[in-house]
Amino acid sequence: MKQATRFNALARQLGGIALSLAHGVAMSAGLMGMAYVANAGDGPTRVQFSDTFVETAVEPTVSELAMASGLGLRVTPPMSLPLVEAEQLYTPPVTLAPVSQPAPAPALKLAKAVVKGVEALGADPFAQDDGELSTEMVRVRDWITDTYRVSENAIEPALAAAEAHAEELGFDPLLIVAIMAVESSFNTRAVSNMGAQGLMQVIPRYHKDKIGANRGRNALFDPEVNVRVGALVLHEGLQRYGTMQRALQYYNGALKDPKARYTRKVMALKKRLMTIAGRTDTRTSIELAG
């Protein structure tokens with residue numbers, strides 16, 4: 001009798017369990033339907049039965065607990081685990097160093113070409129800077145160094161002075177060079193029996209006014225000073241006597257020479273220098289005047 005009663009109680013408990021399972025299945029089916037309807041606009045969402053079954057936690061009834069206790073079973077109530085937020089790692093802010101801009105490259109300055117005036121070029125096609133020899137005088141310099149065995153460094157200042165002072169006084173610079181060749185053979189230290197000194201053999205006691213009071217006794221051994229004073233002496237003779245032939249005879253102290261041998265000697269050498277310089281017209285000023 002007791003066994004029949006116990007069997008009936010167990011049957012009722014199993015029936016309760018079956019009913020609870022049926023309720024769970026129905027509830028899962030309803031949740032799946034609701035999920036499908038909710039996502040109808042965005043497309044069907046796949047929901048598995050195991051997902052709904054796991055997410056739905058059903059607590060055991062009193063009869064289920066009693067039957068489990070009678071059978072010696074241990075029922076563990078469902079546990080609700082707290083949600084653990086994912087650990088967020090702290091990343092300190094990074095301060096970027098300012099990027100230094102490269103220094104701008106210095107602007108290139110183009111050298112400006114020195115352009116002489118058109119009038120100056122037209123007046124003197126052989127114009128040059130101070131101290132620089134013209135193309136003609138460079139040719140003459142090379143001939144002098146080969147013929148008279150003098151160095152370029154020794155003769156070049158005298159040739160530059162000849163070009164400068166001849167232009168100031170209205171002479172042909174090759175005439176000044178010819179006088180130097182006849183008087184001293186381009187020897188800057190030449191001294192005559194009459195006391196004439198330097199390249200153009202100037203006698204100091206006759207031309208102190210042209211040399212200058214503040215200059216020493218050896219001033220005429222300076223090529224530039226000697227050429228300047230010699231050109232002034234020639235210019236003085238031209239002013240006094242009016243012709244280049246008479247001016248050259250005055251320069252040599254031979255005004256009474258009827259044959260004008262000094263003038264012919266200087267002019268012959270000047271004509272040769274004109275050929276060496278590359279001139280096509282080699283007539284001298286005396287020839288043109290005659």
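Residues numbered from 1 in each chain as written. Predicted model: local features only at pLDDT ≥ 70, side-chain atom pairs only at ≥ 80, totals over all residues. Heavy atoms only, no water.

### Considering unusual backbone geometry
Alright, step 1. Not every positive phi belongs to a glycine, and Ser 185 is a case in point at roughly 55 degrees.
Alright, step 2. Positionally, Ser 185 belongs in the loop between α7 (173-184) and α8 (208-211).
Alright, step 3. Under the relative-accessibility criterion, Ser 185 is labelled partly exposed at 39%.
Alright, step 4. Even without being glycine, Gln 201 reaches a positive phi, approximately 50 degrees.
Alright, step 5. Tracing the sequence through the fold places Gln 201 in the loop between α7 and α8.
Alright, step 6. Looking at Gln 201, the relative accessible area reads 13%, which means it is buried. (Helix = DSSP H or I, 4+ residues; strand = E, 2+ residues; numbered from the N terminus. Buried < 20%, exposed > 50% of the residue type's maximum accessible area, 1.4 Å probe, protein only.)

### A short note on the nonpolar core
Alright, step 1. If you look at the biggest cluster of nonpolar residues, it comprises 47 residues, and the most contacted ones within it are Ile 176, Val 177, Met 180 and Leu 234.
Alright, step 2. For this core, the elements supplying multiple residues, two or more each, are α5 (135-147), α6 (152-169), α7, α9 (223-241), α10 (244-252) and α11 (261-277).
Alright, step 3. Among the elements that make up this core, the one with the highest residue count is α7 (eight residues).
Alright, step 4. Apart from the residues within four sequence positions on either side, Leu 234 is in contact with Phe 171, Leu 175, Ile 176, Ile 179, Met 244, Ala 247, Leu 248 and Tyr 251. (Core = buried A, V, L, I, M, F, W, Y, C linked by side-chain atoms within 4.5 Å. Contact = heavy atoms within 4.5 Å.)

### Thoughts on the packing of α5 against α6
Alright, step 1. The interhelical angle for the contact between α5 and α6, taken along N-to-C directions, is 140 degrees, at an axis separation of 10 Å. For α5 against α6, the interelement crossing comes out right-handed. On the side of α5, the interface is formed by Met 137, Arg 141, Asp 142, Ile 144 and Thr 145, while α6 contributes Glu 152, Ile 155, Glu 156, Leu 159 and Glu 163.
Alright, step 2. Its residues placed into classes, the contact of α5 with α6 shows four nonpolar, one polar and five charged. (Axes fitted to C-alpha atoms, helices over the stretch in contact; angles between N-to-C directions. Left-handed = near helix turned anticlockwise from the far one by under 90°. Nonpolar A, V, L, I, M, F, W, Y, C, P; charged D, E, K, R; others polar.)

### Overview of the packing of aromatic side chains
Alright, step 1. One pass over the structure, following the stated rule, counts three aromatic pairs.
Alright, step 2. Judged by centre distance (4.9 Å) and plane angle (75 degrees), the rings of Tyr 148 and Phe 186 are edge-to-face. Here Phe 186 lies in the loop between α7 and α8 and Tyr 148 lies in the loop between α5 and α6, a separation of 38 residues in the sequence.
Alright, step 3. The exposure class assigned to Phe 186 is buried, which follows from its relative accessible area of 4%.
Alright, step 4. Judged by centre distance (5.7 Å) and plane angle (45 degrees), the rings of Tyr 241 and Tyr 250 are tilted.
Alright, step 5. Among the residues examined, Tyr 250 registers a relative accessible area of 17% and is labelled buried.
Alright, step 6. Here the guanidinium or amino end of Arg 189 rests over the ring plane of Phe 221, the centre of that ring lying 4.1 Å away.
Alright, step 7. The ring of Tyr 206 has Arg 205 lying over it, and the distance from NZ or CZ to the ring centre is 4.9 Å. (Phe/Tyr/Trp six-rings, centres within 6.5 Å; stacked < 30°, edge-to-face > 60°. Lys NZ or Arg CZ within 6 Å of the ring centre and 35° of its normal.)

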